[in-house]
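These are the residues of each chain, in order.
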Amino acid sequence: MTDFGHDGGVTSARLIGAVAGSAISLVYLLPKHRREAAVRFLTGLACGLIFGGPTGLWGAGQLGLEGRLSPAEIMLAGATLASFTAWWGLGMLVRLTGRAGDKVGG
């Protein structure tokens, strides 16, 4: 198992991955308002920081890359994926509930 101690490189990779995941998500689902953008960005950042390690280990395990990637690379990929997924999922949830609210209220 990879050790994710308090190595500065791993922590930096976690933060960079979380921000990158949120930024990449802008390409796929643009926010309609500043508030939506802020909430989704902070959610993506938090999820990337919190779930980056487990997501990276899971992804490396699924692809059979555990021995080929450094801890920082695993953390970067995991944080990016976790952040991207949270941002995209929250954006879709906002859009779907908005559409459902329009149908019920209209």
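For clarity, every value in this text was computed on a predicted model and none was experimentally measured.

Rules and cut-offs
- Residues numbered from 1 in each chain as written.
- Predicted model: local features only at pLDDT ≥ 70, side-chain atom pairs only at ≥ 80, totals over all residues.
- Heavy atoms only, no water.
- Helix = DSSP H or I, 4+ residues; strand = E, 2+ residues; numbered from the N terminus.
- Buried < 20%, exposed > 50% of the residue type's maximum accessible area, 1.4 Å probe, protein only.
- Contact = heavy atoms within 4.5 Å.
- Areas by Shrake-Rupley, 256 points an atom, 1.4 Å probe, with all protein chains shown as cover.
- Patch = residues over 30% accessible without salt bridge, like charges linked within 9 Å, V, L, I, M, F, W, Y side chains within 5 Å.
- Salt bridge = Lys/Arg side-chain N within 4 Å of Asp/Glu carboxyl O.

As a further point, take the overall build of the protein. When helices and strands are counted, the protein shows 3 helices and 0 strands. Reading the secondary structure of the protein in the N-to-C direction produces α-α-α. Taken over 106 residues, the protein has a buried fraction of 29%. Considering only contacts within the protein whose residues lie at least 6 apart along the sequence, 82% involve residues at least 24 apart. As displayed, the protein offers around 6700 Å² of accessible surface, 67% of which is attributable to carbon and sulfur atoms.

Relative to the elements of secondary structure, Ser83 occurs in helix α3 (residues 71-105). In this structure, Ser83 is in contact with Gly17, Ala18, Gly21, Ser22, Gly44, Leu45 and Gly48, ignoring residues within four places of it in sequence.

Further remarks concern a nonpolar patch on the surface. Where nonpolar side chains cluster on the molecular surface, the patch consists of Leu15, Val19, Phe41, Leu42, Leu49, Ile50 and Phe51 and spans about 610 Å² of accessible area. Breaking the nonpolar patch down by element, the ones donating at least two residues are α1 (8-28) and α2 (34-63). When residues of the nonpolar patch are assigned to their parent elements, the largest contribution, 5 residues, is made by α2. By the secondary structure assignment, Ile50 is in helix α2.

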